[in-house]
Amino acid sequence: MRIGELAARAGVSVRSLRYYEEQGLLTSSRSASGQRHYTEAHVERVTFLQRMYAAGLSSRTIAELLPCVDSPSETTSDAALERMAEERERLSAHIEELVRTRDALDVLMATNRAHRAGLSPTATV
């Protein structure tokens, strides 16, 4: 199948597929005229990549995890699990920082409300 059909079947843009190839996450064969050709397995591969991106993983991290998919073994499985645990820790730290930021914004909003309540009705326009 050609790139447009793969994009439609996998629910992604052609641009995304080209990006995946640039990042080494997806490969294709080429026709004599240089057109990309894909197989049915590529639809599953793109769907898998989309799930990885949805989990917050970067292209670099996904590339590090692909040996577990492409050459499954205890070693690659253990390495993938360890890498995913690292990513989970990174995401947890980021979430904690976002909560602190939201809490700081809540304080500013409360201060603004208190200030606004103290304004005299004649001072507002």
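The residue numbering used here restarts from 1 in each chain and proceeds along that chain's sequence as written. For this predicted model, a pLDDT threshold of at least 70 governs which residues receive local features, and a threshold of 80 or more governs which side-chain atom pairs are given and counted, while totals over whole chains, interfaces and linings are taken from all residues. Note: side-chain values were computed over all heavy atoms of the structure, leaving out hydrogens and water.

Taking an unreviewed UniProt entry as the reference, the protein chain is identified by name as MerR family transcriptional regulator belonging to Streptomyces osmaniensis.

Looking now at the UniProt feature "domain: HTH merR-type" (unreviewed entry) in the protein chain. UniProt positions are given in the numbering used here, feature names are shortened, and annotations may be inferred rather than shown by experiment. UniProt's feature table lists "domain: HTH merR-type" (unreviewed entry) at residues 1-68, given in the numbering used throughout. Only DSSP runs of H or I covering at least 4 residues are called helices, and only runs of E covering at least 2 are called strands; the numbering of each starts at the N terminus. Strand forms 6% of residues 1-68 and helix 62%; the C-alpha atoms that close the span are 26 Å apart.

This next bit is on the nonpolar core. Within soluble globular proteins, side chains that are nonpolar generally end up buried alongside one another. Counting 20 residues, the largest nonpolar core has Leu 6, Leu 17, Tyr 20, Leu 26, Val 46 and Ile 62 as the members making the most contacts within it. Elements supplying a minimum of two residues to this core: helix H1 (3-10), helix H2 (14-22), helix H3 (40-54) and helix H4 (59-70). A per-element tally of this core places H3 first, with 5 residues. The contact partners of Leu 6, leaving out residues within four places of it in the chain, are Met 1, Leu 17, Leu 26, Tyr 38, His 42, Val 43 and Val 46. Nonpolar core, defined: a set of buried Ala, Val, Leu, Ile, Met, Phe, Trp, Tyr and Cys residues in which side-chain atoms within 4.5 Å join the residues together. For every residue, the accessible area (1.4 Å probe, protein chains only) is compared with the maximum for its type, and the residue is labelled buried under 20%, exposed over 50%, or partly exposed between those bounds. It only takes one pair of heavy atoms within 4.5 Å for two residues to be counted as in contact.

Salt bridge criterion: a side-chain nitrogen from Lys or Arg within 4 Å of a carboxyl oxygen from Asp or Glu. As enumerated under the stated definition, the model contains 10 salt bridges in all. A salt bridge links Arg 83 to Glu 87; the nearest nitrogen and oxygen atoms lie 3.0 Å apart. With Arg 83 and Glu 87 both in helix H5 (residues 74-118) and 4 residues apart, this pair spans about one turn of that helix. Neither residue differs from the other here; Arg 83 and Glu 87 are each classed as buried. A salt bridge links Glu 97 to Arg 100; its shortest N-O distance comes to 2.7 Å. Taken together, the residues Glu 97 and Arg 100, both in helix H5 and 3 residues apart, mark about one turn of the helix. You can call Glu 97 partly exposed: its relative accessible area is 39%. Exposure remark for Arg 100: the relative accessible area of 48% places this residue in the partly exposed category.

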